[in-house]
Amino acid sequence: SGLVHHADPDCKPLVEAMLRGDFGLIIGHNVAFDMAVLAAFYPDLRPLIFEAYNRDGVTCTMLRQQLIDIAEGVMRGFVARDGTWMKHRYNLGYVAHRHRCNVQPNKEDEFRLQYGQWRDVPLDQWPIGAKTYPVDDAKATLEVYQKQGGAYVPDEYERARAFFATQLMSVW
């Protein structure tokens, strides 16, 4: 519903509460990346990150979509109505489009890859687009999660843990 700047004194306690499960399930798109960033930024919270995964408190909509597509036999893609081969992509914008979500983040947004320049700038000085992009991203992720359902992903939390372990190995 909003943003908290990393320099805000409420940020770390909010992250801790999230990791403890105070707000329910943590849902993210490629959330293993986000958790690795949190682990690097807040090394003392690493045990809470692992606890969140171990109590089945973290799931990933990107991974879920890949597992759903594997179960449906369309992981590599599909044949379109015109007979051409269409390869699936797994970025949030594409997955949100596939599920016909109301919120579809603009992955071409000028702010998407420029958040480093806002790192030390207070939120009230950020341009509107820099504030709306991450909120829309979170809303789209939740909507994708709700539309995916769980029929094909009975072991999603085990898979999320494995995906996080793989992420940690790849960034090491």
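In this text, all values refer to a predicted model and were calculated from it rather than measured experimentally. (Residues numbered from 1 in each chain as written. Predicted model: local features only at pLDDT ≥ 70, side-chain atom pairs only at ≥ 80, totals over all residues. Heavy atoms only, no water.)

Attention shifts here to the packing of aromatic side chains. Evaluation of the coordinates by the stated rule reveals 5 aromatic pairs. Ring centres of tyrosine 115 and tyrosine 133 lie 6.5 Å apart, and the angle between their planes is 35 degrees; this geometry places the pair in the tilted category. Of this pair, tyrosine 115 sits in the loop between α5 (92-98) and α6 (128-148) while tyrosine 133 sits in helix α6; the two residues are 18 residues apart in sequence, bridging distant segments of the chain. Here the aromatic cluster, defined as three or more aromatic residues joined through ring pairs, consists of Phe50, Tyr53 and Phe164. (Phe/Tyr/Trp six-rings, centres within 6.5 Å; stacked < 30°, edge-to-face > 60°. Helix = DSSP H or I, 4+ residues; strand = E, 2+ residues; numbered from the N terminus.)

For asparagine 30, which is not a glycine, the phi torsion comes out positive at approximately 60 degrees. Along the chain, asparagine 30 falls in the loop between β1 (26-28) and α2 (31-41). Despite not being glycine, aspartate 56 has its phi angle at roughly 60 degrees, a positive value. For aspartate 56, the location among the structural elements is in the loop between α3 (46-54) and β2 (58-60).

The next thing to look at is the pattern of salt bridges. Counting across every chain of the model gives 7 salt bridges. Its salt-bridge partner being aspartate 22, residue arginine 20 comes within 2.9 Å of it at the nearest N-O pair. Overall, aspartate 22 belongs to the partly exposed group, its relative accessible area being 47%. The partner of aspartate 56 in a salt bridge is arginine 161, with the nearest N and O atoms 2.7 Å apart. In this pair, aspartate 56 sits in the loop between α3 and β2 while arginine 161 sits in helix α7 (residues 156-171), placing the two residues 105 residues apart along the sequence. Of the residues examined, aspartate 56 reaches a relative accessible area of 35% and is grouped as partly exposed. (Salt bridge = Lys/Arg side-chain N within 4 Å of Asp/Glu carboxyl O. Buried < 20%, exposed > 50% of the residue type's maximum accessible area, 1.4 Å probe, protein only.)

Time to look at the environment of tryptophan 85. In this structure, tryptophan 85 sits in strand β4 (residues 85-86). Residue classification places tryptophan 85 among the exposed positions, given a relative accessible area of 53%. Each residue touching tryptophan 85, except ones within four places of it in the same chain, is listed here: Arg76, Gly77, Phe78 and Val79. (Contact = heavy atoms within 4.5 Å.)

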